[in-house]
Amino acid sequence: FTSTTGADEFVYTGKEVLVAWNNGVTGTATVTVTSVKNAQNRTGDAVMAAIPTGGFVVFGQFNNSDGWLAADGNIDIVSSGAGAADIDYAVLTLF
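A short tour of the structure in this document, coming up. Owing to the predicted nature of the structure, the values given are computational and were not obtained by experimental measurement.

## As for the sheet that holds strand 3 (residues 29–33)
Overall, antiparallel pairing links the 4 strands, which are arranged 1-6-3-4 in an open sheet. Each edge of the sheet is formed by a strand with only one pairing partner; in this case those strands are strand 1 (7–11) and strand 4 (47–51). Sheet twist, expressed as the average angle between the axes of neighbouring strands with direction ignored, equals 20°. By the bridge criterion, 4 bridges tie strand 3 to strand 6 (residues 74–80) in an arrangement that is antiparallel.

Structure, rendered in structure tokens:
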């Protein structure tokens, strides 16, 4: 799916890998996997990556929901920066 240049999300089952690809020409984009308070009281967005034009990053496997699962049962992701509108995502489910 293509980034909405803001908050996106995907359904969590415990077997996901997220691929983010900057397919445009407008510049670098930062993709952040938004975290939530976990059992050790960690907060903050611990997973973020700057993706240059033509580059991609793989996040995951998200096999532990602690610290990642939002209240609605999804994992939230945000893209920002000059190339944010050029980010495409693929969520792969591992078996």
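## A look at a nonpolar patch on the surface
Taken together, the side chains of Trp21, Phe56 and Val58 define a hydrophobic patch exposed on the protein surface, amounting to about 340 Å² of accessible area. Position of Val58 relative to the elements: it lies in strand 5 (residues 56–62).

## Topic: the sheet that holds strand 5
Pairing within the open sheet is antiparallel, and its 3 strands lie in the order 5-2-7. What marks the edges here is a single partner per strand, and that holds for strand 5 and strand 7 (87–93). Taken pair by pair, the neighbouring strands of this sheet meet at an average axis angle of 15°, ignoring direction. Strand direction decides the pairing type here: strand 2 (residues 16–22) and strand 5, joined by 6 bridges, are antiparallel. Each residue of the ladder has a partner; that of Leu18, found in strand 5, is Phe59.

Rules behind the numbers
Residues numbered from 1 in each chain as written. Predicted model: local features only at pLDDT ≥ 70, side-chain atom pairs only at ≥ 80, totals over all residues. Heavy atoms only, no water. Pairing = 2+ DSSP bridges. Helix = DSSP H or I, 4+ residues; strand = E, 2+ residues; numbered from the N terminus. Axes fitted to C-alpha atoms, helices over the stretch in contact; angles between N-to-C directions. Patch = residues over 30% accessible without salt bridge, like charges linked within 9 Å, V, L, I, M, F, W, Y side chains within 5 Å. Areas by Shrake-Rupley, 256 points an atom, 1.4 Å probe, with all protein chains shown as cover. Salt bridge = Lys/Arg side-chain N within 4 Å of Asp/Glu carboxyl O.

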